[in-house]
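Next come the chains, spelled out residue by residue.
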Amino acid sequence: MTISLAPLEGITGYIVRNAFLHNFGGIDTYYTPFIPAGKNFNKKVLRDISPENNPGIRLIPQLMSNKAEEVIDMGHRLAAFGYNTVNINLGCPSGTVTSKKRGSGLLLYPKELDHFLYEIYSHADFRVSIKTRIGFNSTEEWAAILDIYRKYPIDELIIHPRVRAEFYNGAPHLDCFKKAYDTVRIPLCYNGDIVSLGTYTTITERFPLLDNIMIGRGLLAAPWLAAQIKGEVLPESVRREKLRSFCDEIYSGYLSIFSGEKDAVMHMKEIWGFLGNSFPGREKTLKRIRKCQNYAEYKVLVDEMFRD
């Protein structure tokens, strides 16, 4: 089983990727948060895709676009950095994205989606994978969308089996994933609500031939999950030590790129928004972390989180 870390905008940049690699491992492939394909690289993107900042990491840039020429051009520009595969984001549910017919917004327009993919796969001289939802408003849209995907040599089809209207609420529609699993011959990857060894087992028992999974929020809440899935057993004391090292490495990385400790602490709050799920009974301390404004206060609270 290969495991990918899902891209989360503003969170899964190279600092977090390196912290996963150095402390827990188990992740085979990482994806960049989406890159607007029609724009020039800014400093943030250049820093994130730089091979020097991603040693030992198999990284696939994810692109946001609804224009084939933008994807082709960006694929060629990324090739200069050594990338031979890109991923197209057809899953983002954000209103600011979907209103422009991007992300899952393009799923509302099957003819435009088909033309977009036809132009890409007719002209791309690099590999192109897709991350998708199963519709915009209704699961009834999935059959037509899947028929479009069947036409093309997609390097990998990563399916989050929810429609855009659901965002991340409700249970994933496993029956819709099964439709692809039973009928599509291109490589498939499952993404959605894998948050523990038990939820992983539920998916793999239902889809025993599945070779690839993608985990996002579940890995940010339990950074050891990928290694655990692959059979690594960490004693509680070792896991705690690695988890503290994971947090400290991310903070140190943030401090190196932001203007000061306050900005670094602000970004650590996003990490703790997920990680706090692995500290049951510590809600009061987590609430104080969300309110703290400086590193001295933050360190005291994190020490408290790890003390017991």
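Quick caveat, the model's predicted, so the values are computed rather than measured.

### Considerations on the side chain of His160
Mapped onto the fold, His160 is located in strand β8 (residues 157–160). At a separation of 3.2 Å, a polar atom in the side chain of His160 contacts the side chain of Asn191. Those residues within four positions of His160 in sequence are excluded, and the remaining contacts are Thr132, Arg133, Ile134, Phe167, Tyr168, Asn191 and Gly192.

### Digging into unusual backbone geometry
Positioned with a positive phi, Lys101 is a non-glycine residue whose angle comes to about 60°. With respect to the helices and strands, Lys101 occurs in the loop between α4 (95–98) and α5 (110–123). For Lys101, a relative accessible area of 27% corresponds to the partly exposed category. Here Asp193, not a glycine, exhibits a phi torsion of approximately 65°, which is positive. Tracing the chain through its elements places Asp193 in the loop between β9 (188–191) and α8 (197–206). Asp193 gets classed as partly exposed once you look at its relative accessible area, which sits at 32%.

### Details of the layout of surface pockets
Empty space within the largest pocket amounts to approximately 700 Å³. Contributing to the lining of the largest pocket are 31 residues, with Pro7, Leu8, Tyr168, Gly216 and Arg217 lying nearest its centre. Of all the elements in the fold, those that place two or more residues in the lining of the largest pocket are β7 (127–133), β10 (212–215) and α9 (217–221). Per element, the largest residue contribution to the lining of the largest pocket is 3 residues, and it comes from α9.

### Some remarks on the packing of aromatic side chains
Following the criterion strictly, the structure yields 16 aromatic pairs and no others. Look at Phe24 and Phe246: their rings are 5.9 Å apart centre to centre, the planes differ by 65°, and that puts the pair in the edge-to-face class. Taken as a pair, Phe24 in the loop between α1 (14–23) and β2 (29–31) and Phe246 in helix α11 (residues 236–257) lie far apart in primary sequence, 222 residues in all. The class for Phe24 is buried, based on a relative accessible area of 7%. Looking at Phe246, the relative accessible area reads 1%, which means it is buried. On the basis of an interplanar angle of 70° and a centroid distance of 4.9 Å, the ring pair of Phe177 and Phe207 is categorised as edge-to-face. Placement of Phe177 in helix α7 (residues 174–183) and of Phe207 in the loop between α8 and β10 is noted, with a sequence separation of 30 residues between them. A relative accessible area of 1% means that Phe207 is categorised as buried. These aromatic residues form a ring-pair network of at least three members: Phe20, Phe24, Trp224 and Phe246.

### Focus on the packing of α11 against helix α12 (residues 261–275)
In contact at an axis separation of 8 Å, α11 and α12 are set at 145° when each is read in the N-to-C sense. Every pair of crossing elements has a handedness; the one defined by α11 and α12 is right-handed. Along the contact surface, α11 presents Leu243, Cys247, Ile250, Tyr251, Tyr254 and Leu255, while α12 presents Glu261, Ala264, Val265, His267, Met268, Ile271, Trp272 and Leu275. For the contact of α11 with α12, a count of residues per class yields 12 nonpolar, 1 polar and 1 charged.

### Focus: the packing of α11 against helix α14 (residues 295–307)
Close contact between α11 and α14 brings their axes to 11 Å; oriented N to C, the two are set at 165°. It follows that α11 is roughly antiparallel to α14 by the angle criterion. For the pair α11 and α14, the crossing hand works out as right-handed. The residues of α14 that touch α11, namely those facing Arg240, Leu243, Arg244, Cys247 and Tyr251, are Tyr295, Tyr298, Lys299, Val302, Asp303, Phe306 and Arg307. Looking at the contact of α11 with α14, its residues break down into 7 nonpolar, no polar and 5 charged.

### Quick word on the environment of Tyr149
Within the fold, Tyr149 resides in helix α6 (residues 142–150). A C-alpha to C-alpha distance of 9.2 Å links Tyr149 and Ile186, two positions 37 residues apart in sequence. Those residues in contact with Tyr149, other than ones at most four positions away along the chain, are Leu90, Leu107, Leu113, Leu117, Ile130, Thr132, Trp142, Ile154, Leu157 and Ile186.

Reading the values: rules and limits
- Residues numbered from 1 in each chain as written.
- Predicted model: local features only at pLDDT ≥ 70, side-chain atom pairs only at ≥ 80, totals over all residues.
- Heavy atoms only, no water.
- Helix = DSSP H or I, 4+ residues; strand = E, 2+ residues; numbered from the N terminus.
- Polar contact = N/O pair within 3.5 Å; in protein donor to acceptor, adjacent residues only side chain to side chain.
- Contact = heavy atoms within 4.5 Å.
- Buried < 20%, exposed > 50% of the residue type's maximum accessible area, 1.4 Å probe, protein only.
- 1 Å grid on protein atoms, 1.4 Å probe; cavity = no way out; pocket = protein on both sides within 12 Å on 5 of 7 lines; lining within 4 Å.
- Points joined across faces, edges and corners; volume = space filled by probe spheres on them.
- Phe/Tyr/Trp six-rings, centres within 6.5 Å; stacked < 30°, edge-to-face > 60°.
- Axes fitted to C-alpha atoms, helices over the stretch in contact; angles between N-to-C directions.
- Left-handed = near helix turned anticlockwise from the far one by under 90°.
- Nonpolar A, V, L, I, M, F, W, Y, C, P; charged D, E, K, R; others polar.
- Parallel < 35°, antiparallel > 145°, perpendicular 65-115°, else oblique.

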